[in-house]
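# Examining the three-dimensional arrangement
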Amino acid sequence: MVQSDTRRVVVMTGATSGFGTYTLQHIAAQPNTRVIIGARGTGRTAPPSVEIIPLDLASLTSVREFADTVKRQLGDTHIDILLLNAGIHGSDAGQRSAEGYGLTFAVNHLAHYLLARLLLPHIADNGRLVITSSNMHNPPIKRIAPKKLDLQEWAHPTENGSGTGIRSYTASKLCNLMTALSFARLEDVKARQINVVAFNPGLTGGVSGRDASALRKAFFWLVARTLFPLIGLFRPEFVMNTPGHSGKQLAGVALGTIAPPLGRIYVSLVKGEPKFPDPSELARNREAQDRLWRESAVMVGLPIDLGP
Ligand SMILES: NC(=O)c1ccc[n+]([C@@H]2O[C@H](COP(=O)([O-])OP(=O)(O)OC[C@H]3O[C@@H](n4cnc5c(N)ncnc54)[C@H](OP(=O)(O)O)[C@@H]3O)[C@@H](O)[C@H]2O)c1
């Protein structure tokens, strides 16, 4: 029989590259803390104390297997912090998940929606669910960010439609924020006082995930060092953070040392400082939140309502 664990338990995605590696280092260095990460393939390293379980977010089957393994390994022990940070920075119409959904929508949104729903019953009372979003979900900040839900296009992208390229990214980050808002509204979450937080790391200039091509990485590197410092002079939300800084701030959010005021769930780094702005108008629309929840449930094969 698996013994109950008295350590703080953290389960994380997106810990193997980008600023998430700094978040992981920071969390893994905390005393009395057990960290489990989901990671795909081989060739990524983690601090020696960290447990690694295979997870490919581009496959809902893999997400289910990951959740089952986490539950089996934890036994009676609950998760104190579920930290969903993985993401890709956009995809073309032809790039699809194992189940045939648009890759960015599937990896960034559907997989994390499914994972959060599967693991919610195993989150401890007073625990925390953190989902990394982006201020790029918000049209006043990023002009091409969605002004309406276009779920069919995001799930089944067409050439040059809103489900491709950087548009697919802004749409998926909107979904992350709306999902966080929906989880925060659940009766079960409120009754068990689970804290739900959506996090915007600001621009870090990092695109180091293994999906990014060398050309894309070089382009980002160049833009990060030339264009964004100039834009940042006039637009504070475009001021670059280092991956180390954003990673440490995310660790603070996960560990609860950085917390939004009561009634707010969005932590956004602006010039490196945590601010607590309103999510976009569309993100706050409850009808749209409910629609996203319902249609996502159908896409991942879960009932719309939470079970007893
Ligand atoms: N960087 C920014 O400026 C910025 C700004 C706003 C929001 N964000 C958000 O912050 C998060 C991290 O961004 P980042 O720039 O640090 O990204 P990154 O360097 O590209 O790292 C992304 C992480 O997600 C993992 N991942 C990607 N696809 C996966 C899959 N199919 N299965 C399992 N894991 C997968 C990667 O794993 P591998 O190591 O295997 O590639 C990596 O650990 C993302 O959610 C992103 O949308 C970033």
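Residues numbered from 1 in each chain as written. Predicted model: local features only at pLDDT ≥ 70, side-chain atom pairs only at ≥ 80, totals over all residues. Heavy atoms only, no water.

### As for a nonpolar patch on the surface
A cluster of nonpolar side chains, namely L230, L233 and F234, defines an oily patch on the protein surface of about 400 Å² accessible area. Turning to its location among the elements, F234 is positioned in the loop between α7 (214–231) and α8 (243–255). A relative accessible area of 69% means that F234 is categorised as exposed. (Patch = residues over 30% accessible without salt bridge, like charges linked within 9 Å, V, L, I, M, F, W, Y side chains within 5 Å. Areas by Shrake-Rupley, 256 points an atom, 1.4 Å probe, with all protein chains shown as cover. Salt bridge = Lys/Arg side-chain N within 4 Å of Asp/Glu carboxyl O. Helix = DSSP H or I, 4+ residues; strand = E, 2+ residues; numbered from the N terminus. Buried < 20%, exposed > 50% of the residue type's maximum accessible area, 1.4 Å probe, protein only.)

### Some words on the site of the ligand
Within the structure, the ligand sits among 34 residues, and T16, S17, R44, T204 and R210 are positioned closest to it. T16 places a polar side-chain atom, nitrogen or oxygen, 2.7 Å from an oxygen atom of the ligand. A distance of 2.9 Å separates an oxygen atom of the ligand from a polar atom in the side chain of K173. In the complex, the protein chains occlude 97% of the 900 Å² of accessible area that the ligand would expose alone. In terms of residue class, the shell around the ligand is built from eleven nonpolar, 17 polar and six charged. (Near = heavy atom within 4 Å. Polar contact = N/O pair within 3.5 Å; in protein donor to acceptor, adjacent residues only side chain to side chain. Nonpolar A, V, L, I, M, F, W, Y, C, P; charged D, E, K, R; others polar.)

### Looking at the environment of R44
Mapped onto the elements of the fold, R44 is located in the loop between β2 (33–39) and β3 (51–54). Taking the C-alpha atoms as reference, R44 lies 9.4 Å from A15; in sequence the two are 29 residues apart. Within the local environment of R44, its side chain forms a polar contact with the backbone oxygen of T16, the two atoms lying 3.5 Å apart.

### Some points on the sheet that holds strand β7 (residues 266–270)
Judged by pairing direction, the sheet is mixed, and its eight strands sit side by side in the order β3-β2-β1-β4-β5-β6-β7-β8 without closing on themselves. Unpaired on one side and paired on the other, β3 and β8 (273–275) mark the two borders of the sheet. On average, each strand axis in the sheet is inclined to that of its neighbour by 20°, with strand direction left out of account. Relative to the sheet, α8 contacts β1 (8–13), β4 (79–84), β5 (123–132), β6 (195–200), β7 and β8, its axis offset from that of β5 by approximately 155°. (Pairing = 2+ DSSP bridges. Axes fitted to C-alpha atoms, helices over the stretch in contact; angles between N-to-C directions. Contact = heavy atoms within 4.5 Å.)

### A look at the environment of R128
With respect to the element layout, R128 can be found in strand β5. Between the C-alpha atom of R128 and that of I79, which follows or precedes it by 49 residues, the distance is 8.6 Å. Discounting chain neighbours no more than four positions away, the residues touching R128 are D80, I81, L82, I123, I194, N195, V253, A254, L255 and G256.

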